[in-house]
Amino acid sequence: MRFENLLMSLRGLRGTDVYSKNRLRERVIKAKWLLWHGGSARCLERLESLRRDTGWIGARNPLGRVIRYLRCCSRYLVNYQQRRAQGLPISSAGAESVVDYGIGQRMKRNGHMRWTISGANTLLQVRCAVLNGEDIRNFRRWYTPDRKIEGFANVIHAS
């Protein structure tokens, strides 16, 4: 995303002709390619030379933000091409999408039921317990067979 933001910013670079903007864009794309293929050090070198050529000094511009991010996260950067070739995931987007969908269904504003943040958190904890199989064990521990709860005690402990 930071690279995409940088590419969009290059389009609006003032005082630069179209040819120069396209050359800068190509250089950013090549730096991104290096990062994707495990060359984070070379990617940073390319971005630093781009910084000198554009005059974007400091960390408050899109180029500075990309450079700062890459320096801070350099130990976490992986060779994405290698991970993809091994069949390993390169992002957690699938899991995040499912979580966002589940929360969105419960937190939606239309309909009669609304959830508070703390209520949604409690619901997610219960859902996780159900998926992990901890819900029945806890229920049996909290509500022993000698304790009668209308309709539930006999059903739960009978299974």
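Described below are features of the structure shown in this document.

What follows covers the overall build of the protein chain. Looking only at helices and strands, the protein chain features 9 helices and 0 strands. Along the protein chain, helices and strands appear, N-terminal first, in the series α-α-α-α-α-α-α-α-α. The burial tally for the protein chain puts 21% of its 159 residues in the buried class. Taking as baseline every contact in the protein chain between residues at least 6 positions apart, the subset at least 24 positions apart corresponds to 38%. If you sum the accessible surface of the protein chain, you get close to 12200 Å²; carbon and sulfur atoms cover 55% of it.

Right, let's talk about the packing of helix α1 (residues 2-11) against helix α4 (residues 62-72) for a bit. Where α1 meets α4, the closest approach of the two axes is 9 Å, and the angle between their N-to-C directions is 160°. Here α1 is positioned roughly antiparallel relative to α4, judged by the angle of their axes. For the pair α1 and α4, the sense of crossing is left-handed. Residues Arg 2, Phe 3, Asn 5, Leu 6 and Ser 9 of α1 form the contact with α4, whose participating residues are Pro 62, Leu 63, Arg 65, Val 66, Tyr 69 and Leu 70.

Turning our attention to the packing of aromatic side chains. Overall, the coordinates contain 1 aromatic pair when judged by the stated rule. Ring centres 5.2 Å apart and planes at 25° place the aromatic pair Trp 36 and Tyr 80 in the stacked group. Remark: Tyr 80 occurs in helix α5 (residues 80-85) and Trp 36 occurs in helix α2 (residues 18-36); sequence separation between them is 44 residues. Judged by relative accessible area, which is 22%, Tyr 80 ranks as partly exposed.

With 15 residues, helix α3 (residues 40-54) should cover 21 Å at 1.5 Å per step; its first-to-last C-alpha distance of 21 Å lies within 8% of that length. Here α3 has its buried residues at Cys 43, Leu 44, Leu 47, Glu 48, Ser 49, Leu 50, Arg 51 and Thr 54. Tucked inside the fold, the buried residues of α3 contact α1, α2 and α4. Count one or two residues on from α3 and you reach Gly 55, which has phi positive near 80°.

Criteria and thresholds
- Residues numbered from 1 in each chain as written.
- Predicted model: local features only at pLDDT ≥ 70, side-chain atom pairs only at ≥ 80, totals over all residues.
- Heavy atoms only, no water.
- Helix = DSSP H or I, 4+ residues; strand = E, 2+ residues; numbered from the N terminus.
- Buried < 20%, exposed > 50% of the residue type's maximum accessible area, 1.4 Å probe, protein only.
- Contact = heavy atoms within 4.5 Å.
- Areas by Shrake-Rupley, 256 points an atom, 1.4 Å probe, with all protein chains shown as cover.
- Axes fitted to C-alpha atoms, helices over the stretch in contact; angles between N-to-C directions.
- Parallel < 35°, antiparallel > 145°, perpendicular 65-115°, else oblique.
- Left-handed = near helix turned anticlockwise from the far one by under 90°.
- Phe/Tyr/Trp six-rings, centres within 6.5 Å; stacked < 30°, edge-to-face > 60°.
- Expected span 1.5 Å × (residues − 1).

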